[in-house]
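Per-entry structural report
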Amino acid sequence: MTLFHLHNISLSYQGTPVLEDVSAFISEGTRTGIIGPNGSGKSSLVKIIVGEILPEKGHIDWVKMPRTGYVPQVFSATGQTNVSAGSKQVTPLSLMGPENSGYLGRFGIGKHLWDRPCSILSGGEKTRLSLAIAFSCNPDLLVLDEPTNHLDIAGIEWLEKMLTDFRGTILAVSHDRYFLSSVCNQIWRVEGRRVKAYSGNYSSYVATRKAEETHMLREYARWQDKVERLAKETQARRQWYDKAHKDAGQNDYLRARAKKHASQVKAKERKLETLLEQKPKRVMVSKQVSVGLMAGSYRTKTILRAEDLSFKYGENRRHIVKDARFRVSPGEKIALIGPNGCGKTTLIKLFAGDLAPSAGSLWVNPNIQVGYLTQMLDELDLSASAAENISRKTGRLLSESRNLLGYLGVSGDTQVLPLETLSMGERSRVALACLTFAPYDLLLLDEPTNHLDLIAREGIEEAMTAFPGTIIVATHDRFLIERFCTSVWYLDKGRLQIHQGSYRKYQEHREDHLDEKDRQAKELAVRTRLAYLVSRLGTTADPSEKAALEVEWDAAMKELQSVRNRGRNH
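Residues numbered from 1 in each chain as written. Predicted model: local features only at pLDDT ≥ 70, side-chain atom pairs only at ≥ 80, totals over all residues. Heavy atoms only, no water.

1. Quick look at the packing of aromatic side chains
Summed over the entire model, instances satisfying the criterion amount to 15 aromatic pairs. Between Y202 and F479 the ring centres are 6.1 Å apart and the planes differ by 85°, which places this aromatic pair in the edge-to-face class. Of this pair, Y202 sits in helix α7 (residues 202-248) while F479 sits in helix α15 (residues 478-484); the two residues are 277 residues apart in sequence, bridging distant segments of the chain. Here F326 and F351 contribute two aromatic rings whose centre-to-centre distance is 5.8 Å and whose plane-to-plane angle is 80°, an arrangement assigned as edge-to-face. Taken together, the positions of F326 in strand β11 (residues 319-328) and F351 in helix α9 (residues 344-352) put the pair 25 residues apart, joining distant regions of the chain. (Phe/Tyr/Trp six-rings, centres within 6.5 Å; stacked < 30°, edge-to-face > 60°. Helix = DSSP H or I, 4+ residues; strand = E, 2+ residues; numbered from the N terminus.)

2. Comments concerning the environment of E388
Here E388 lies in helix α11 (residues 386-394). Using a relative accessible area of 33% as the deciding quantity, one classes E388 as partly exposed. (Buried < 20%, exposed > 50% of the residue type's maximum accessible area, 1.4 Å probe, protein only.)

3. Observations concerning helix α5 (residues 153-165)
End to end, α5 covers 18 Å across 13 residues, agreeing with the expected 18 Å (1.5 Å per residue, within 8%). Taking burial as the measure, the 13 residues of α5 include 10 buried ones, the bulk of the element. Looking at α5, one finds that the buried residues are I153, G155, I156, E157, W158, L159, E160, M162, L163 and D165. (Expected span 1.5 Å × (residues − 1).)

4. Section: the packing of α11 against helix α12 (residues 398-407)
Relative to each other, α11 and α12 sit at 115°, their axes nearing to 8 Å. In this view, α11 runs roughly perpendicular relative to α12, as classed from their interaxial angle. Two packed elements cross with a definite hand, and for α11 against α12 that hand is right-handed. Contact residues: α11 offers A386, A387, E388, I390 and S391, while α12 offers L398, S401, R402, L404 and L405. Across the contact of α11 with α12, the residue classes break down as 6 nonpolar, 2 polar and 2 charged. (Axes fitted to C-alpha atoms, helices over the stretch in contact; angles between N-to-C directions. Parallel < 35°, antiparallel > 145°, perpendicular 65-115°, else oblique. Left-handed = near helix turned anticlockwise from the far one by under 90°. Contact = heavy atoms within 4.5 Å. Nonpolar A, V, L, I, M, F, W, Y, C, P; charged D, E, K, R; others polar.)

5. Digging into the sheet that holds strand β12 (residues 333-337)
One open sheet holds the 6 strands; their spatial order is β14-β15-β16-β12-β17-β18, and the pairing between them is mixed. A strand with exactly one partner marks an edge of an open sheet, and here the two such strands are β14 (370-372) and β18 (495-500). Put simply, the sheet's adjacent strands are angled 15° from each other on average, direction ignored. Pairing of β14 with strand β15 (residues 442-446), which is carried by 3 bridges, proceeds in the parallel orientation. Bridge assignment links V370 to a residue of β15, and that residue is L442. (Pairing = 2+ DSSP bridges.)

6. Observations regarding the environment of R194
Take R194: it is sitting in strand β9 (residues 194-199). Using a relative accessible area of 42% as the deciding quantity, one classes R194 as partly exposed. Along the backbone, R194 and S23 are 171 residues apart, and their C-alpha atoms lie at a distance of 8.3 Å. Not counting chain neighbours up to four residues away, the residues in contact with R194 comprise E20, D21, V22 and R189.

7. Structural notes on the nonpolar core
Residues I337, V430, L445, I471 and I481 are the most contacted members of the largest nonpolar core, which totals 43 residues. Residue contributions to this core peak at 6 residues, all from helix α13 (residues 424-436). When near neighbours in sequence (up to four residues on either side) are disregarded, I481 contacts I153, A335, I337, T475, V488 and Y503. Among the nonpolar cores identified, the runner-up in size contains 29 residues, and V71, F75, F107 and W158 belong to it. (Core = buried A, V, L, I, M, F, W, Y, C linked by side-chain atoms within 4.5 Å.)

8. Topic: the pattern of salt bridges
A pair can form between side chains of opposite charge whenever their charged atoms are brought close. One pass over the full model with this rule turns up 22 salt bridges. Close ionic contact of R193 with E20 constitutes a salt bridge, the shortest N to O distance being 3.8 Å. Taken together, the positions of R193 in the loop between β8 (186-191) and β9 and E20 in strand β2 (residues 16-27) put the pair 173 residues apart, joining distant regions of the chain. Here E160 ties to R478 by a salt bridge, and the two come within 2.5 Å at their closest N and O atoms. Of the two residues, E160 sits in helix α5 while R478 sits in helix α15, which places them 318 residues apart along the sequence. E160 sits in the buried class, given a relative accessible area of 8%. Through salt bridges with shared partners, a single network forms among R177, R457, E461, E462, D477 and R483. (Salt bridge = Lys/Arg side-chain N within 4 Å of Asp/Glu carboxyl O.)

Spelled out as structure tokens, the structure:
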């Protein structure tokens, strides 16, 4: 059953069109991921849907008015507007009310945070609080704007499980491709002020989009071939006519014959004009990345090595890393993951030489060139343009630098504006271009895909995959990890675990080797879900919903039994 229709929605900001004649519909129970370049109007679209802003033209027809839970991209105490200066004493408990306090625990907001001002919560805690508020109204429709922002991998996986269990309708703006593949069964692509719907999850969308592009390229090539052939025929007939007309002189027979061919020339010219007007849309296909180290690049068997490496900030502080041992070889692609606050950035700083070990040894080959994203961002000249910065750092021509920027999603006038006028996401792309397309042996990257849209992320991944040196990247982007990493390093509570192979292999290993604390946490999560299902079963009067909840209950009970059995086996 259709939930709502969008009819010819249009919106502009300060005279610049953002959305134009957007028409689409959402059916009950669909899980729609909304994607598109930064600034394409995704957030504006969801704000129109939840009624936060009104379109300039068009309207929404609600077939059924649902209870709606909304998680905005930026946390707000009221769920509608940004926290004001006077609302800093608003607490999670005062927002939820004692009667809904159970949602705080269910969404990972510990009791020690309930009476603290919302303004001091971390980004991840604010996201969880927004989700708790959204779920507390027992919604039929969830509208989520970048819900994975500020969550670590464990938090994102928890959210995916929560949304998979949700029986209502979901609209989610996201750049997290793993999330979009796990949760969604429909994709809306917002681009060129329009919306196009694709059935299936993100992986299905990518396959469909590639097929579309292949077809469009083929159609464009056919059109181009027809234009070239018709243009040659027209030119040849025009040249024949001009010569025949000239040679005819005053001969009436020859002049009549030339005139007859003149009508054929005009017919060809009209046909060519019509064909040119029927020009199909041209697909912009990413250019193949070409990256090469300079001839003098150093060759070695070891990039860096650690023996019993330990570090902590002060004598009485906890260890960020303790007794770590590893060796990194040329060409390795390492993903450094772990919970928020575990110390991933600190470890990157140790590798970069910004910090020194508290104990043990860390040897970084002195003959290699190390590129460090944070340092590169600091070194960029804010008064110079993006293209000039890349040219200076890589030694490439300005034209080449602009091509690189275009490939990474920085196009048009943005390439020649002073860097100080660009967003942090755009500056990050400039810094990444400087690192990836220069002769470094080791790249140290801390959350390189933050602030980037899907197009830019894919461009960065292509560049990183083509880079022949070693990369150590701290990230929560599982799609990035799965695509190019050769090993996964997991850091938590001072312990660094090294897993060779892909992210998928790491996941399988993690499931097979849950320690007792992890098993207890998983059991608690399943029990919490069972409690939620019991409460829903006790309040719903809808037979179909009750049947679906009972199926969900059976699945949760089986999962609980599986977790318990795993505990007995270990």
